[in-house]
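Observations on the model geometry
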Amino acid sequence: ARIVEEALVPTEKQNTSLWNEEFINHAQMRLQEAYNMSAPGRFQIEAAIESVHINRRKTGLVDWKALNKLYHALMKFAPSAGAMVAQSVVTANLHGPNEGLKSMAALEKETGRNFQPLWAAKAELFSRTGDVANAKECYDKAISLTTDATVIRFLENQKSRLKS
């Protein structure tokens, strides 16, 4: 589900019927055990984030409000550039791409110009606003910072879908 035609497929776009049911059940059981300990930490929150994505298998929808709460909690326990980009994407899904881009503008000042996930996310959000020129520029930057062939193919595919 994660790689299709030698290109990465983001979690929220994966075909959930291809996910391993045994792994999912085991992970959900372990997450419940961790929850019962009433001592949340980074790994429990990260597991809960994955659980929200897994729930899409049942509902067909991503619960962006739940992800928003979880990423805010994660930022308290383990702030990272990756979590900040993810939080910006969640913001975009809740409040529109321009809001996500605003939070990414502030984030770029913290991460610098060489954090590939930031550029990939910005490209996606610019494409949602219809700003093809900025989207293409961001895809080019993200591609230039990527060494993984499956990620490069994904980014190139996304860029090729843009309408000039």
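1. Quick look at the layout of surface pockets
In this structure, the largest pocket spans a volume of roughly 1,200 Å³. Residue lining of the largest pocket: 38 residues in total, with Leu 8, Pro 10, Thr 11, Glu 12 and Pro 117 positioned closest to the centre. For the lining of the largest pocket, the secondary structure elements donating two or more residues are helix 2 (42–59), helix 3 (64–77), helix 4 (81–95), helix 6 (116–129) and helix 8 (149–160). Top contributing element to the lining of the largest pocket by residue count: helix 4, with seven residues. Within the lining of the largest pocket, the residues separate by chemical class into 22 nonpolar, eight polar and eight charged. The computed volume of the second largest pocket comes to approximately 330 Å³. Surrounding the second largest pocket, 14 residues form its lining, Leu 31, Tyr 35, Gln 44, Ala 48 and Leu 70 being those nearest its centre. When contributions to the lining of the second largest pocket are tallied by element, the ones reaching two or more residues are helix 1 (21–36), helix 2 and helix 3. Ranked by residue count, the leading element in the lining of the second largest pocket is helix 1, at five residues.

2. A word on the packing of helix 4 against helix 6
One can describe the packing of helix 4 onto helix 6 by two numbers: an axis separation of 10 Å at closest approach and a directional angle of 10°. Compared by their axis directions, helix 4 and helix 6 come out roughly parallel. Packed against helix 4, whose contacting residues are Val 85, Val 89, Ala 92 and Asn 93, the element helix 6 presents Pro 117, Leu 118, Ala 121, Leu 125 and Arg 128 at the interface. Residues that form the contact of helix 4 with helix 6 fall into these classes: seven nonpolar, one polar and one charged.

3. Quick word on the packing of helix 6 against helix 7 (residues 132–144)
Running from amino to carboxyl end, helix 6 crosses helix 7 at an angle of 160°, the nearest separation of the two axes being 8 Å. In terms of orientation, helix 6 lies roughly antiparallel with respect to helix 7. Here helix 6 runs over helix 7; the crossing is left-handed. Seen from helix 6, the contacting residues are Gln 116, Trp 119, Ala 120, Lys 122, Ala 123, Glu 124, Phe 126 and Ser 127; seen from helix 7, they are Asn 134, Ala 135, Cys 138, Tyr 139, Lys 141 and Ala 142. The residue makeup of the contact of helix 6 with helix 7, split by class, is eight nonpolar, three polar and three charged.

4. Describing the pattern of salt bridges
Two side chains with opposite charge may pair up if their charged atoms get near one another. Throughout the structure, instances matching the rule amount to nine salt bridges. Glu 99 is the salt-bridge partner of Lys 102, the closest N and O atoms lying 3.1 Å from each other. Highlighted residues: Lys 102 and Glu 99, both in helix 5 (residues 97–111), separated by three residues, approximately one helical turn. A relative accessible area of 33% means that Glu 99 is categorised as partly exposed. Glu 108 serves as the salt-bridge partner of Lys 122, at 2.8 Å between the closest nitrogen and oxygen. With a gap of 14 residues between them, Lys 122 in helix 6 and Glu 108 in helix 5 connect regions that are remote in the sequence. The exposure class assigned to Lys 122 is buried, which follows from its relative accessible area of 10%. A single salt-bridge network, built from bridges that share partners, covers Glu 108, Arg 113 and Lys 122.

Reading the values: rules and limits
- Each chain has its residues counted from 1, running along the sequence as written.
- Only residues with pLDDT of at least 70 get local features here, since the model is predicted, and only at 80 or more are side-chain atom pairs given and counted; chain-wide, interface and lining totals rely on the full set of residues.
- Side-chain metrics in this entry use all non-hydrogen atoms of the structure; hydrogen atoms and water are not considered.
- With a 1 Å grid laid over protein atoms only, a set of points is called a cavity when a 1.4 Å probe fits there but cannot get out and a pocket when it is open yet has protein on both sides within 12 Å along at least five of seven lines; lining residues have an atom within 4 Å of a point.
- Grid points are joined across faces, edges and corners, and a volume is the space filled by probe spheres set on the points.
- Starting at the N terminus, helices and strands are each numbered in turn, a helix being any DSSP run of H or I of at least four residues and a strand any DSSP run of E of at least two.
- Under this grouping Gly is polar, as are all residues other than the nonpolar Ala, Val, Leu, Ile, Met, Phe, Trp, Tyr, Cys and Pro and the charged Asp, Glu, Lys and Arg.
- For helices, the fitted axis covers only the stretch in contact; all axes are lines through C-alpha atoms, and the angles between them, taken along N-to-C directions, range from 0 to 180 degrees.
- Our angle categories are set so that under 35 degrees counts as roughly parallel, over 145 as roughly antiparallel, 65 to 115 as roughly perpendicular, and the remainder as oblique.
- Contacts between residues were defined by any pair of non-hydrogen atoms, one from each residue, lying within 4.5 Å.
- Handedness of a crossing is defined here by the sense of rotation of the near helix relative to the far one, left-handed for an anticlockwise turn of less than a right angle and right-handed for a clockwise turn.
- We count a salt bridge whenever a side-chain nitrogen from Lys or Arg sits within 4 Å of a carboxyl oxygen from Asp or Glu.
- Think of it in three bands: residues with accessible area under 20% of the maximum for their type are buried, residues over 50% are exposed, and the middle band is partly exposed, with areas taken using a 1.4 Å probe on protein chains only.

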